[in-house]
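Analysis of the macromolecular model
As a plain string of letters, each chain reads:
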Amino acid sequence: MIWLGDNDANLASATTEYVSSPGNSRIAHFEDYYRNFIAKVRQDLVDNNCDAVIFRGSPLFTRLPFGSDRQMGQRLTEKFGVPVAAGLTAEVEALKAMKIKKVVVGTPYEEEINQRLKRYLEASGFEVLQIAGYGVRKNSQLTDLPVHACYKIAKRLYLKAP
């Protein structure tokens, strides 16, 4: 399996440009970004004989119309002949496989992204009891969080949940 993330294809920058580039069509930029992504994945698949590909981009896919993550995964699956999915899609499918209906969500993100993620999860059929984050705006700030940050926020949200 190949895990393509921000270090392999700067999704954070692509997301910012996709949303805010003046003079650029949002869809054209998105398609251009993924054409480059496809070329990189194709080579990795050939070189590594992979069985599946998961790519990150939850903030991006919560900004796009619901289901865009699945559509992109399906297009890439058809192109490569191996399962390809966004990490967000895989996370939702894992929760559904475990028959989870209610969730608390801790993220490193700021409130705007948390609310988009909440709407996405609700559209996917989950009841979001609590969602909160540390307010991180840039991926470069993720390494500033202490190693136990995810545990702390998860525990706090769990204890507050009804």
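Heads up: the structure comes first, above all this text.
Quick summary incoming for the structure in this document. This structure is a prediction, so every number in the text was calculated from the model and none was measured.

1. Some thoughts on helix α4 (residues 68-80)
Taking 1.5 Å of rise per residue, the 13 residues of α4 would be expected to cover 18 Å, and the 18 Å separating its terminal C-alpha atoms lies within 8% of that figure. For α4, every residue scored as buried is listed here: S68, D69, M72, G73, L76 and F80. The buried residues of α4 occupy one face: seen down the axis, they fall within an arc of 135 degrees. Along α4, exposed side chains directed more than 90 degrees from the buried face belong to Q71 and E78. A positive phi of about 80 degrees marks G81, the residue just after α4.

2. Points about unusual backbone geometry
Glycine aside, a negative phi is what most residues show, and trans is what most peptide bonds show. At K99, a residue that is not glycine, the phi angle is positive and equals roughly 60 degrees. With respect to the secondary-structure elements, K99 resides in the loop between α5 (87-97) and β4 (102-109). Relative accessible area serves as the criterion here: at 67%, K99 is assigned to the exposed category.

3. Comments concerning the packing of aromatic side chains
Here the structure, examined in full by the defined rule, presents two aromatic pairs. With 5.9 Å between their ring centres and 55 degrees between their planes, F55 and F61 make a pair best called tilted. In this pair, the class of F55 matches that of F61, namely buried. Ring centres 5.1 Å apart and planes at 50 degrees place the aromatic pair F66 and Y120 in the tilted group. In this pair, F66 sits in the loop between α3 (58-63) and α4 while Y120 sits in helix α6 (residues 111-123), placing the two residues 54 residues apart along the sequence. In this structure F66 comes out as partly exposed when scored by relative accessible area, which is 49%.

4. A look at the pattern of salt bridges
The full count for this structure, using the stated rule, is five salt bridges. R63 is the salt-bridge partner of E112, the closest N and O atoms lying 3.7 Å from each other. Linking E112 in helix α6 with R63 in helix α3, this pair joins segments that are 49 residues apart in sequence. Taking the shortest distance from any N to any O, the salt bridge between R137 and E110 comes out at 3.2 Å. Placement of R137 in the loop between β5 (127-136) and α7 (149-160) and of E110 in the loop between β4 and α6 is noted, with a sequence separation of 27 residues between them. Here the residues in one salt-bridge network are R63, E112 and R116, joined through shared partners.

Quick notes on the rules
Residues numbered from 1 in each chain as written. Predicted model: local features only at pLDDT ≥ 70, side-chain atom pairs only at ≥ 80, totals over all residues. Heavy atoms only, no water. Helix = DSSP H or I, 4+ residues; strand = E, 2+ residues; numbered from the N terminus. Expected span 1.5 Å × (residues − 1). Buried < 20%, exposed > 50% of the residue type's maximum accessible area, 1.4 Å probe, protein only. Arc of directions from axis to C-beta. Phe/Tyr/Trp six-rings, centres within 6.5 Å; stacked < 30°, edge-to-face > 60°. Salt bridge = Lys/Arg side-chain N within 4 Å of Asp/Glu carboxyl O.

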